[in-house]
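Observations on chain architecture
In case you want the letters, here they are:
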Amino acid sequence: MNENNSKINASLFQCWVCESTLEPFMTFGRMPIANNFLSEKEFNDEYFFEMEPAFCNQCNTFQLVRQPEPQQMFNEKYAFFSGTSQFMGKHFEKFSKQVLSYLDEDPFVVEIGSNDGIMLSNFANKNIKHLGVEPSSNVAMVAKEKGINTTINFFDKDLAQKIVKGYGQASAFIAANVMCHIPYIKSIVEGIEVLLRPNGVVVFEEPYLGEVIDKTTYDQIYDEHTFLFSAHSVKYLFGQYDMELINLEPQATHGGSMRYTIARKGTRTINKTVNTILQSEEELGLNDPKTYLQFKQNCENDRIQLVNLLEQIRKKGKSISGYAATSKSTTITNYCGITTDLIDCIYDSTPIKQGQFNPGTHIPIRPHQEFKENYPDYAVLFGYNHSKEIFAKEQDFIEQGGKWIVYVPQIEII
Ligand code: SAM
Ligand code: TMP
Ligand code: ZN
């Protein structure tokens, strides 16, 4: 595994995918580890890195030029438990049904980033041979306790070879919200090449670059997200290993994602949406460097607008809290400089985050039950990707005169 930063000199870096020379088009400034919720006594030792995105004109891959080491982010203290959202549970059940339709005889399904087993439980329940690969031991243990076969490991080419020796080749390699986390992505695809049966499929979904550019959802950019993929970048990446896109399906999850289905070249029919979406990316200017200069400007405008809004509300003596301490909110709070001057606390349903402070700007995280006991005048909806679920359970907040502040697709009070 190569987890070294791709630095060439102070301002030039090497593309993680094609090794071309890159220059970042902007900086978000000093950023902490997005899921490192911490206690007061840990403030002084908190880790920060300069978060700078770049776009590679050669392979069309949007990427961070530098990241913390994988072990700093994915370990026994990993704070993201997939099962906290019921909606995501249903989403992965549907995802699994699609994968089932591709399976051959005596199937074997491998998932990386299997977390607490939210996806693989759908295969385990059907007694389908499966293996989850999950380096964060706390979430992996939740899966194991549910009877889901899980190895506590980082996936890469070496591990793929071991899996083939122990279990044989896989009918399906699946992943959600993890392929974009891995800077040594070439070793992942080399691993897939070794692991996949000749007629196997790769199905994975990740936050989609097209949505981020279209809606200026810059909060999708944080330490874990080395990449924001597009159809063009995935086509290039897998094309290097004789594999091709056979389907593309936009998803509503995580504020706008894309599901990529891939097979060895010439083994499966290519759905016509592949070309349609490739063409729509050209029209959106996703491969044009000018798009990223405009994106930078849009981020700066959004930052000014959000901070102004919060300051005005505060000046009127009103209370503001945050709702859902998402990884994405770490980018918002740190890039905008939002501290307890503007937001009193963030309510969240994840026990491991409660009683801690958010990374970087150190806003206290409180149990979501306390929200109902002490409604603020305004609540910033950091968990906008879960808005349906949250609005449904927090109707009383609105009925009692509370107001939501949202910033996607635009900054507004609702
Ligand atoms: N798939 C789940 C979902 O969509 O809810 C979890 C996504 S979570 C954002 C990313 C997960 O990938 C974490 O549980 C992390 O520990 C895991 N991960 C990170 N690097 C990995 C690697 N190289 N191999 C396997 N899993 C990895
Ligand atoms: P995510 O956007 O990275 O999926 O993070 C979801 C966070 O939102 C997680 O910390 C749990 C929190 N959350 C709530 O506090 N209440 C809710 O109703 C939901 C769905 C999520
Ligand atoms: Zn490149």
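See the structure above.
Residues numbered from 1 in each chain as written. Chains lettered and ligands numbered in written order. Predicted model: local features only at pLDDT ≥ 70, side-chain atom pairs only at ≥ 80, totals over all residues. Heavy atoms only, no water.

**As for the overall build of the protein**
- Helix and strand counts for the protein come out as 14 helices and 20 strands.
- Relative to the compact-globule value of 22 Å for 414 residues, the protein shows a C-alpha radius of gyration of 21 Å, a close match.
- With the C-alpha coordinates of the protein rotated into their principal frame, the extents come out at 65 × 45 × 40 Å.
- A fraction of 68% describes how many contacts in the protein between residues 6 or more apart in sequence connect residues 24 or more apart.
- When the accessible area of the protein is evaluated, it comes to approximately 17,000 Å², of which 46% is carbon and sulfur surface. (Helix = DSSP H or I, 4+ residues; strand = E, 2+ residues; numbered from the N terminus. Rg over C-alpha atoms; globule rule 2.2 N^0.38 Å. Contact = heavy atoms within 4.5 Å. Areas by Shrake-Rupley, 256 points an atom, 1.4 Å probe, with all protein chains shown as cover.)

**Digging into the nonpolar core**
- Among the nonpolar cores identified, the biggest contains 115 residues, and Phe155, Met179, Phe204, Phe229, Phe238 and Tyr260 are the most heavily contacted of them.
- Dropping the residues within four chain positions of it, Phe229 is found in contact with Met179, Cys180, Ile185, Phe204, Glu206, Pro207, Tyr208, Leu209, Val234, Leu237 and Tyr260.
- Core analysis: the next-biggest nonpolar cluster, separate from the first, contains 20 residues, Phe95, Val109, Ile118 and Leu120 among them. (Core = buried A, V, L, I, M, F, W, Y, C linked by side-chain atoms within 4.5 Å. Buried < 20%, exposed > 50% of the residue type's maximum accessible area, 1.4 Å probe, protein only.)

**Considering the sheet that holds strand S12 (residues 227-228)**
- Strand order in the open sheet made by the three strands is S5-S6-S12, with antiparallel pairing throughout. Only two strands of the sheet have a single partner each, and these edge strands are strand S5 (53-56) and S12.
- As paired elements, strand S6 (residues 61-64) and S12 share two bridges and run antiparallel to each other. Bridging from a neighbouring strand, Gln63 pairs with Phe227 of S12. (Pairing = 2+ DSSP bridges.)

**Remarks on the sheet that holds strand S15 (residues 320-323)**
- Strand order in the open sheet formed by six strands is S17-S16-S15-S18-S19-S20, and the pairing between neighbours is mixed. Where the open sheet ends on each side, the last strands, each with one partner, are strand S17 (365-367) and strand S20 (412-413).
- Relative to strand S16 (residues 346-348), S15 runs parallel, the two sharing two bridges. The residue of S16 that forms the bridge with Tyr323 is Tyr347.
- The strands that helix H10 (residues 289-315) touches are S15, strand S18 (378-381), strand S19 (403-406) and S20; relative to S19, the one it contacts most, it runs at about 155 degrees. (Axes fitted to C-alpha atoms, helices over the stretch in contact; angles between N-to-C directions.)

**Remarks on the site of ligand 2**
- The environment of ligand 2 is formed by 18 residues, the closest being Asp348, Ser349, Lys353, Asn385 and Lys393.
- One nitrogen or oxygen atom from the main chain of Ser349 is found 2.9 Å from an oxygen atom belonging to ligand 2.
- Lys353 is positioned with one of its side-chain polar atoms (N or O) 2.7 Å from an oxygen atom of ligand 2.
- Sorting the residues of the shell around ligand 2 by element identifies helix H11 (327-336) and helix H13 (387-393) as the ones contributing at least two each.
- Considering each element in turn, the shell around ligand 2 owes the most residues, three residues, to H13.
- Looking at the shell around ligand 2 residue by residue, the class counts come to five nonpolar, eight polar and five charged. (Near = heavy atom within 4 Å. Polar contact = N/O pair within 3.5 Å; in protein donor to acceptor, adjacent residues only side chain to side chain. Nonpolar A, V, L, I, M, F, W, Y, C, P; charged D, E, K, R; others polar.)

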